[in-house]
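Here's the letter readout for the chains.
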Amino acid sequence: MTEQSDDRTGRKILIVDDDLNSRILVRECLEQAGFLVEEACDGEEGLSVFERTGPDIVLLDVIMPGLDGFEVCQKIRESEAGGGVPILMMTGLDDEESINRAYEVGATDFTSKPLNWTILPHRIRYLLRANRAITDLSKAYEELKTLDKAKDTFLSSVSHEFRTPLTSIRSFSEILLTYDDTSPEEQREFLEIIRSESERLTRLVDNVLDISKIEGEKMFWNDGLVGLDEIVRDSVRVQQPLLEEKGLQLRQTVPPDMPLLFADRDRIQQVVTNLLNNAIKFSPTGGIVRIWAEVLEGKRFGEPSPLIKFAISDQGIGIEEQDFEVIFDKLSQVCPDALTDKPGGTGLGLPISKEIVLHYGGNIWLESRRGEGCTFFFTMPSASQSQQAAAERDPTEGRQRSGEDKRSA
Ligand SMILES: Nc1ncnc2c1ncn2[C@@H]1O[C@H](COP(=O)(O)OP(=O)(O)OP(=O)(O)O)[C@@H](O)[C@H]1O
Ligand SMILES: [Mg+2]
């Protein structure tokens with residue numbers, strides 16, 4: 001569709017004019033140019049047709065019995081739907097005062113009678129285009145304002161989150177420096193707190209940097225062929241002490257022969273580790289955590305392309321349905337007490353996981369009921385044939401090694 005036809009097709013024009021002859025001529029001219037035309041023979045009727053039909057543009061005569069064009073224009077502008085509709089005033093009055101008055105009451109443009117039939121359709125198309133540009137701009141401006149506000153909220157939540165561990169590090173180190181009579185047990189306890197709060201600070205800095213890198217498209221994605229089974233194996237190894245500490249049983253079924261992914265191994269591991277860490281954190285002692293994966297049929301560019309689906313379930317506190325979206329949102333998440341008591345979390349693990357999964361064209365979601373545990377899922381497309389071929393040609397893009405393989409190399 002050309003730009004021109006886009007501006008004509010189905011665009012509805014309302015002509016408000018008491019002169020029947022003039023209405024007939026305008027209708028003929030505009031219908032020939034491809035517009036849909038509605039008519040009204042005076043101001044009162046103009047207002048009711050405007051309300052009933054919701055035109056894209058109004059052609060308004062100035063001198064009419066009853067309500068004149070200025071009054072109609074003002075009333076349209078005051079109405080709920082009339083704020084953004086272009087109004088072209090048509091009149092034989094071409095004195096300065098009338099033109100000023102027209103703009104004062106909200107006219108978009110002004111044209112003198114008799115009308116020029118060649119120029120009129122172009123003028124209308126121009127006004128429609130300009131109006132659309134203005135609407136798009138104001139929409140973009142509103143979106144920017146919302147984003148700017150969201151950024152401020154995020155920054156202030158982040159600074160608040162930084163302040164909490166910093167305050168406790170400062171207080172406990174001051175106690176240790178000020179009082180000589182603290183017992184060795186107390187000293188140890190305070191040092192433990194200082195250490196764990198420093199770790200929390202480091203995680204927070206890392207996460208904030210990660211999310212801003214991904215959102216600012218500054219993240220370097222070191223993509224290569226990688227197997228989900230290896231990633232799960234490594235993540236479990238890292239979290240093993242926590243699993244044991246909580247007496248949790250882990251059951252996993254991730255077939256080793258699944259199609260490979262073409263992705264940054266560390267980033268996918270970050271997703272899996274966060275999901276596993278959450279399952280552990282929000283589980284009571286002695287529960288079961290299950291991890292499984294399967295291959296789904298998928299399509300890419302019309303060609304069959306398997307999709308890998310990963311799932312992890314726990315028997316923990318669960319999540320209310322109203323929070324299913326919220327927990328993936330960095331803005332509502334950075335405040336750690338927003339949903340539950342989050343032991344030492346930054347609330348950014350899931351927002352980062354979502355960004356990573358979306359980057360690779362996958363999806364992430366959950367199923368849960370409060371008090372009955374959660375199941376988190378994500379899908380990712382498997383490596384395409386061309387990615388596999390490229391990886392075979394270039395060994396630097398070849399299969400990425402697991403942490404264990406790297407260490408033993
Ligand atoms: N398995 C789960 N069971 C119950 N609630 C969960 C689970 N996973 C996530 N949540 C809720 O979603 C929130 C966000 O999780 P997310 O991983 O983003 O942050 P976190 O775990 O608090 O912090 P971090 O990931 O930095 O350690 C959690 O704080 C918790 O409220
Ligand atoms: Mg987490």
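Residues numbered from 1 in each chain as written. Chains lettered and ligands numbered in written order. Predicted model: local features only at pLDDT ≥ 70, side-chain atom pairs only at ≥ 80, totals over all residues.

**Q** Which parts of the structure should I look at to understand the environment of Leu-350?
**A** Here Leu-350 shows up in helix H11 (residues 349–359). Between the alpha carbons of Leu-350 and Ser-283 there is a distance of 17 Å; along the sequence they are 67 residues apart. (Helix = DSSP H or I, 4+ residues; strand = E, 2+ residues; numbered from the N terminus.)

**Q** Help me understand the sheet that holds strand E5 (residues 109–112) in this model?
**A** Strand pairing in a sheet is mediated by backbone hydrogen bonds. Such pairs are either parallel or antiparallel. An order of E2-E1-E3-E4-E5 is seen for the five strands of this open sheet, with the pairing classed as parallel. Each edge of the open sheet is held by one strand with a lone partner, namely strand E2 (36–40) and E5. Strand-to-strand, the axes of this sheet are offset by a mean angle of 20°, without reference to chain direction. Relative to E2, strand E1 (residues 12–16) runs parallel, the two being bridged by five bridges. In the sheet register, Ile-15 faces E2, and the bridge partner there is Glu-39. (Pairing = 2+ DSSP bridges. Axes fitted to C-alpha atoms, helices over the stretch in contact; angles between N-to-C directions.)

**Q** Could you clarify how one ought to interpret the site of ligand 1 in this entry?
**A** Every one of the 23 residues lining ligand 1 counts as a neighbour, but Asn-278, Phe-282, Gly-345, Gly-349 and Leu-350 are closest to it. The biggest single contributor to the shell around ligand 1 is helix H9 (residues 265–281), with three residues. A class-by-class count of the residues in the shell around ligand 1 yields nine nonpolar, eleven polar and three charged. (Near = placed C-beta within 6 Å. Nonpolar A, V, L, I, M, F, W, Y, C, P; charged D, E, K, R; others polar.)

**Q** Would you mind going over the sheet that holds strand E13 (residues 363–368) with me for this structure?
**A** If you walk across this open sheet you meet the five strands as E7-E9-E12-E14-E13, and the pairing is mixed. Because the sheet does not close on itself, it has two edges, and the strands there are strand E7 (249–253) and E13. The sheet shows a mean angle of 15° between the axes of neighbouring strands, taken without regard to direction. Sheet strands in contact with helix H8 (residues 228–245) are E7, strand E9 (288–296) and strand E12 (307–313), and its direction is about 180° off that of E7. The sheet contacts of H11 involve E13 and strand E14 (374–381), and relative to E13 the element is tilted by about 135°. (Contact = placed C-beta atoms within 7 Å.)

Everything listed is a geometric property; what it means functionally is a separate question.
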